[in-house]
Amino acid sequence: MSERVQRLSAALAERLGSAIADSRIALGEVTIEVHADDLLNVCTALRDEEPFRFDQLTDLCGVDYLYYGIDEWRRGENTGSGYSRGVTDTSSTGRLTFGDENPQPELDHPRFAAVIHLLSLPHNQRLRIRCYGPDDEAPVLPTLTGIWPGANWFEREAFDLFGILFDGHPDLRRILTDYGFVGHPFRKDFPLIGHVEVRFDPERNRVVYEPVTIEPRVTVPRVIREDNRYTRPAEEGDSNA
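Residues numbered from 1 in each chain as written. Predicted model: local features only at pLDDT ≥ 70, side-chain atom pairs only at ≥ 80, totals over all residues. Heavy atoms only, no water.

(A) Examining the overall build of the protein chain more closely. Check the secondary structure of the protein chain and you find three helices and 11 strands. In sequence order, the protein chain lays out its α and β elements as α-β-β-α-β-β-β-β-β-β-α-β-β-β. Restricting to contacts in the protein chain with at least 6 residues of sequence separation, those with at least 24 account for 56%. On the protein chain, roughly 15,200 Å² of surface is accessible, and the fraction owed to carbon and sulfur atoms is 49%. (Helix = DSSP H or I, 4+ residues; strand = E, 2+ residues; numbered from the N terminus. Contact = heavy atoms within 4.5 Å. Areas by Shrake-Rupley, 256 points an atom, 1.4 Å probe, with all protein chains shown as cover.)

(B) Representation of the side chain of Arg128. Within the element layout of this structure, Arg128 appears in strand S7 (residues 125-132). A distance of 2.5 Å separates polar atoms of two side chains, one belonging to Arg128 and the other to Thr31. With near-sequence residues (within four places) excluded, Arg128 lies in contact with Glu29, Val30, Thr31, Ile32, Val115, Ile116 and His117. (Polar contact = N/O pair within 3.5 Å; in protein donor to acceptor, adjacent residues only side chain to side chain.)

(C) Main features of the sheet that holds strand S1 (residues 20-26). In spatial order, the strands read S1-S2-S7-S6-S3; together these five strands make up an open sheet with mixed pairing. One side of each edge strand has no neighbouring strand; the edge strands of this open sheet are S1 and strand S3 (56-64). Going across the sheet, the axis of each strand differs from the next one's by a mean of 20°, ignoring polarity. Here strand S2 (residues 29-34) runs beside S7; their pairing, made up of four bridges, is parallel. Residue pairing across strands places Val30 opposite Leu127, the latter belonging to S7. (Pairing = 2+ DSSP bridges. Axes fitted to C-alpha atoms, helices over the stretch in contact; angles between N-to-C directions.)

(D) Layout of the side chain of Arg174. Structurally, Arg174 can be placed in the loop between strand S9 (165-167) and strand S10 (196-201). A distance of 3.2 Å separates a polar atom in the side chain of Arg174 from a polar atom in the side chain of Thr177. A polar atom in the side chain of Arg174 sits 2.8 Å from the backbone oxygen of Gly183. Among all residues touching Arg174, those that are not within four sequence positions of it are Arg156, Phe159, Asp160, Phe181, Gly183 and His184.

(E) Inspection of the pairing of S7 at higher detail. Burial of S7 is extensive: seven of the eight residues sit out of reach of the surface. Bridge count for strand S6 (residues 112-120) against S7 is eight bridges, and the pairing is antiparallel. Bridging across to S7, Val115 finds its partner in Arg130. Between S6 and S7, which pair antiparallel one after the other, the connecting turn spans four residues, and Asn124 there sits at a positive phi close to 50°. (Buried < 20%, exposed > 50% of the residue type's maximum accessible area, 1.4 Å probe, protein only.)

(F) Looking closely at unusual backbone geometry. Each neighbour pair has its own omega, and for Glu50 with Pro51 the value is 5°, a cis peptide bond. Position of Pro51 among the secondary structure elements: in the loop between helix H2 (39-48) and S3. Unlike most non-glycine residues, Leu27 shows phi in positive territory, near 55°. Its location among the elements puts Leu27 in the loop between S1 and S2. With phi around 50°, Asn124 is a residue other than glycine that occupies positive phi space. With respect to the helices and strands, Asn124 occurs in the loop between S6 and S7. For Asn124, a relative accessible area of 53% puts it in the exposed group.

(G) Inspection of the pairing of S6 at higher detail. Among the nine residues of S6, eight are classified as buried, and the element is accordingly described as predominantly covered. Of the strand pairs in this sheet, S3 and S6 are connected by eight bridges, and their pairing is antiparallel. Note on S6: the bridge partner recorded for Leu57 is Leu118.

(H) Here's a closer look at the packing of aromatic side chains. For the structure shown, the criterion picks out four aromatic pairs. With a centroid separation of 5.7 Å and 80° between ring planes, the pair formed by Phe162 and Phe186 is classed as edge-to-face. Taken together, the residues Phe162 in helix H3 (residues 151-162) and Phe186 in the loop between S9 and S10 connect sequence positions 24 residues apart. When the ring of Phe181 is compared with that of Phe190, the centres are 5.9 Å apart and the planes differ by 20°; the resulting orientation is stacked. Its relative accessible area of 12% is what places Phe190 among the buried residues. A connected cluster of aromatic rings, assembled from ring pairs, spans Tyr65, Tyr68 and Tyr132. (Phe/Tyr/Trp six-rings, centres within 6.5 Å; stacked < 30°, edge-to-face > 60°.)

Honestly, it's all geometry; don't read function into it.
Next up, the structure:
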């Protein structure tokens, strides 16, 4: 762990105090958790004050912790070319269809959060902020567009995909899905097959929406670790043979 990262962590704790709900160092970066009510004041200080000067927001994304840590895969025996995988729970969220009710586990924190990545060009250091939306039914966080204008499209993406609302955003509209899209596709309880199918109808000369016809299923990938077809055979005198 670098001394510079430790100094940043200590400076954050000294300056922000109780506004930081949690702080940790992982993968060479500091991550702090900030209460929604304190987010604007904290971010303003991080942008303007020494020794922070985080003048650039590089990313903002939504996170849904509904099934965090729940694994529906069963990993089988390892082989030379990969390992077998299977779905252990046939009623898993991957098979949800529109209108299905799925039991939701109890969480010890709110379900939705925004994760913000900051970069300080003067000090060449990075910081990660996590901020939970207090209400799971309507997660609302203050917009950061007044501090970093580049947050505009990032927040629109988090709204579109996760349904996180950003209070004060100048133009909070969907940015990736269609205007008539129903729901938020990156939520953990959103059906993998979606709600409708879309196709172009040549007779009507327009795009039409129809009920989904494919069967709900969980894709099971095959992981290849080493392909023997491309392994060079050992030659006589080869020191690695």
